[in-house]
Amino acid sequence: MMRKQRIALVMAMLLACAMLLGSCGCKHEWAEATCTTPKTCTECGETEGEALGHTEGEATIDVDGFALKATSIVKCTNCDAVLSKEEQDVDTLLDGKYMLCSAQEYSDRLIDAIGQIPDCTLGVELIEQNGQPMCMVYNASETLVGAISFYDIEGDPIAYADKDVQSCFVIAVAYVPAGSADAATDLTHISIAMIMAAEPKMTVVDASYLVIDLVSEPIIVRDGVEYELDLTSDPDGYYCLICPEAINA
Ligand SMILES: [Zn+2]
Ligand SMILES: [Zn+2]
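Residues numbered from 1 in each chain as written. Chains lettered and ligands numbered in written order. Predicted model: local features only at pLDDT ≥ 70, side-chain atom pairs only at ≥ 80, totals over all residues.

Asks: For this particular structure, what's the right way to read the sheet that holds strand β1 (residues 30–31)?
Replies: For sheets, the rule is that strands pair by backbone hydrogen bonds, running either parallel or antiparallel. Pairing is antiparallel across the open sheet formed by 3 strands, whose spatial order is β1-β2-β3. For this open sheet the edge positions go to β1 and β3 (47–48), each flanked by a neighbour on one side alone. Here 2 bridges tie β1 to strand β2 (residues 39–41), and the two strands are oriented antiparallel to one another. Along β2, the bridge assignment pairs A31 with T40. (Pairing = 2+ DSSP bridges. Helix = DSSP H or I, 4+ residues; strand = E, 2+ residues; numbered from the N terminus.)

Structure (structure tokens):
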């Protein structure tokens, strides 16, 4: 090899090594360090210092009020990356003064509960009435035998637009007209279904015993939930009411 050629080769090799080592000679364009990458030159890829690392935020709890799963999620306060996720079964829907499910989820749970009650032929439909979500319950002959409405913490009916908002409903009320032929059966079935929808631990048998107790003792409080069966105050019909005890305290 000619001497000149060798010198040129060595120079080129040194330059190649220098580039690999980051002394590219370019005017660095620095992108600030992020959670996962250090300060980096956008031109040559040279880095300086270290990645910042994630900053753990407060855990937020996301509850599925139908499937009764609570997911605790911790995110980075800087970049929103999910740092940890933990799923747990929910054994009560009660969260202080609120029920941890939306009107829509309660309505879906009600349909699910009705499916578990033997010989129960009630049908459920969540509709908009006067701008509010109403859970209409019909018997086998399509007669309206119950209407469940949902209220907020102030005791005002919630808006239909908020039917999917969790932690908003606090009181579920069913009303069975006294005139309907199967009033006793309908009231029993609605009451059992409403109890099961509100209280995940309750089986059909548990809820049936609770309704039997309510017939002789109209207001019963269990695990922070108040159950009320009113068979006397309205000559035109009967009420079943379920709400967190804290509402009436
Ligand atoms: Zn550079
Ligand atoms: Zn981060």
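After that view, the rundown keeps rolling.
Asks: How should I be thinking about unusual backbone geometry in this particular structure?
Replies: Among all residues save glycine, negative phi is the norm, and among peptide bonds the norm is trans. Although it is not a glycine, D119 adopts a positive phi angle of roughly 60°. With respect to the secondary-structure elements, D119 resides in the loop between α2 (103–116) and β9 (123–129). Using a count of 6 C-beta atoms within 10 Å as the deciding quantity, one classes D119 as exposed. (Buried ≥ 20, exposed ≤ 12 C-beta atoms within 10 Å, placed from the backbone.)

Asks: What's the story with the sheet that holds strand β5 (residues 69–75) in this structure? I'm lost.
Replies: Spatial ordering of the open sheet is given by β4-β5-β6, a layout of 3 strands whose pairing is antiparallel. Bordering the open sheet on either side are β4 (60–64) and β6 (82–89), each of which pairs with just one other strand. Taken pair by pair, the neighbouring strands of this sheet meet at an average axis angle of 20°, ignoring direction. Here 7 bridges tie β5 to β6, and the two strands are oriented antiparallel to one another. Bridged to K69 within β6 is D89. (Axes fitted to C-alpha atoms, helices over the stretch in contact; angles between N-to-C directions.)

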